[in-house]
Amino acid sequence: MTTATKTYELEGQILEACSCNTPCPCWIGEDPDGGSCDSFVAYHIERGEIQGLDVSGLTLVKIVYIPGNVLAGNWRAVTYVDGKGTVEQQQALVKVFTGELGGAIADLAKLVSENLDVRVAPIEYQIKEAQGTIRIGDVLGAEMAPYRSADGKPTKLVDSIFSTIPGSPAYVGKASYHKVNLPEFNLTWEYNGRNAIQGEFRFEA
């Protein structure tokens, strides 16, 4: 009996922030606060291979505008891929996160109707004890921390109709600040004290 070879296996963490209040209504299928959503989601791969290529330690970020209900699609997105990677690693990450290689990530990628650009840049990503920061030059910056239970554990969101990390629990949090500056795509905003989501993922296909 032969074992099917996996196209990719990725494990890591996400940081996500958006313009909604906390907690974000999109995750339970409701319309975003204010009718539309300004957001980003950063996937930091701690361990992973794509078609046999090691991509451990690299990060991919999608900056997105969601015009209405999250499940209705029609998202506009700019993708940033980690400048630390080789061209081959960067191309492999883009293939996965644009849905070309299938799996649960492909279902999420279908919600994007306009992939405006793919760019390579240094991405600073740090997370410790469920608190996180991220920066891409002067394009993106955010700092966030989770809500916690009475015994200090991060508050989890599970079994939600929408998720950027399908199959994994997410930590509900708040971003003390969240800035994006991409005027060429009309993606420019700044928020304080709005929704943030963190979590760990394992994707394979």
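Everything in this summary refers to the structure shown in the same document. Just so you know, these numbers come straight off a predicted model, no measurement behind them. (Residues numbered from 1 in each chain as written. Predicted model: local features only at pLDDT ≥ 70, side-chain atom pairs only at ≥ 80, totals over all residues. Heavy atoms only, no water.)

Right, let's get into empty space enclosed by the protein. This model, assessed by the stated rule, comprises two cavities of 30 Å³ or more. Counted as a void, the largest cavity has a volume near 90 Å³. Those elements that provide at least two residues to the lining of the largest cavity are β1 (8-18), β2 (37-50) and β4 (59-66). Counting residues per element, the lining of the largest cavity draws most heavily on β2, at four residues. (1 Å grid on protein atoms, 1.4 Å probe; cavity = no way out; pocket = protein on both sides within 12 Å on 5 of 7 lines; lining within 4 Å. Points joined across faces, edges and corners; volume = space filled by probe spheres on them. Helix = DSSP H or I, 4+ residues; strand = E, 2+ residues; numbered from the N terminus.)

As judged from the seven bridges shared by strand β9 (residues 140-146) and strand β11 (residues 170-182), these two strands associate in the antiparallel manner. Pairing of Pro146 across the sheet is with Gly173, part of β11. As paired elements, strand β10 (residues 156-157) and β11 share two bridges and run antiparallel to each other. In the strand pairing of β11, Lys156 is matched with Tyr171. Where β11 meets strand β13 (residues 194-204), six bridges bridge the pair, whose relative direction is antiparallel. Residue pairing for β13: Val172 is matched across the bridge by Ile197. Where β11 folds back onto strand β12 (residues 187-191) in an antiparallel hairpin, the turn is made up of four residues, including Asn186, whose phi is positive at roughly 60°. (Pairing = 2+ DSSP bridges.)

Next up on the list: the environment of Ala92. Here Ala92 shows up in helix α1 (residues 87-97). For Ala92, a relative accessible area of 8% corresponds to the buried category. The spacing of Ala92 and Pro25 is 67 residues in sequence and 32 Å in space, taken between C-alpha atoms. Beyond its immediate chain neighbours, meaning those up to four positions away, Ala92 contacts Ile50 and Leu53. (Buried < 20%, exposed > 50% of the residue type's maximum accessible area, 1.4 Å probe, protein only. Contact = heavy atoms within 4.5 Å.)

One pass over the full model with this rule turns up ten salt bridges. The partner of Arg119 in a salt bridge is Glu184, and the shortest N-O contact between them spans 2.9 Å. Placement of the pair is Arg119 in strand β6 (residues 112-121) and Glu184 in the loop between β11 and β12, with a sequence separation of 65 residues. The class for Arg119 is partly exposed, based on a relative accessible area of 23%. Among the charged side chains, a salt-bridge network with shared partners connects Lys6, Glu9, Glu11, Arg47, Arg202 and Glu204. (Salt bridge = Lys/Arg side-chain N within 4 Å of Asp/Glu carboxyl O.)

The next thing to look at is unusual backbone geometry. Only a minority of non-glycine residues have a phi that is not negative, and only a minority of peptide bonds are not trans. Of note, the bond from Thr22 into Pro23 is cis; its omega dihedral lies within 30 degrees of zero at -15°. By the element assignment, Pro23 lies in the loop between β1 and β2. The residue Gln51 is not glycine, and still its phi comes out positive at about 50°. Tracing the chain through its elements places Gln51 in the loop between β2 and β3 (53-54).

As a further point, take the packing of aromatic side chains. All told, the structure shown has six aromatic pairs when counted by the stated rule. Each ring, one from Trp27 and one from Phe162, has its centre 5.9 Å from the other, and the planes form 80°; the classification is edge-to-face. Of the two residues, Trp27 is situated in the loop between β1 and β2 and Phe162 in the loop between β10 and β11; the sequence distance between them amounts to 135 residues. Of the two residues, Trp27 and Phe162, neither departs from the other in class, the shared state being buried. Geometrically, the ring pair formed by Trp75 and Phe162 is edge-to-face, given 6.1 Å between the ring centres and 65° between the ring planes. Of the two residues, Trp75 is situated in strand β5 (residues 75-82) and Phe162 in the loop between β10 and β11; the sequence distance between them amounts to 87 residues. The residues Trp75 and Phe162 share a single accessibility class, namely buried. (Phe/Tyr/Trp six-rings, centres within 6.5 Å; stacked < 30°, edge-to-face > 60°.)

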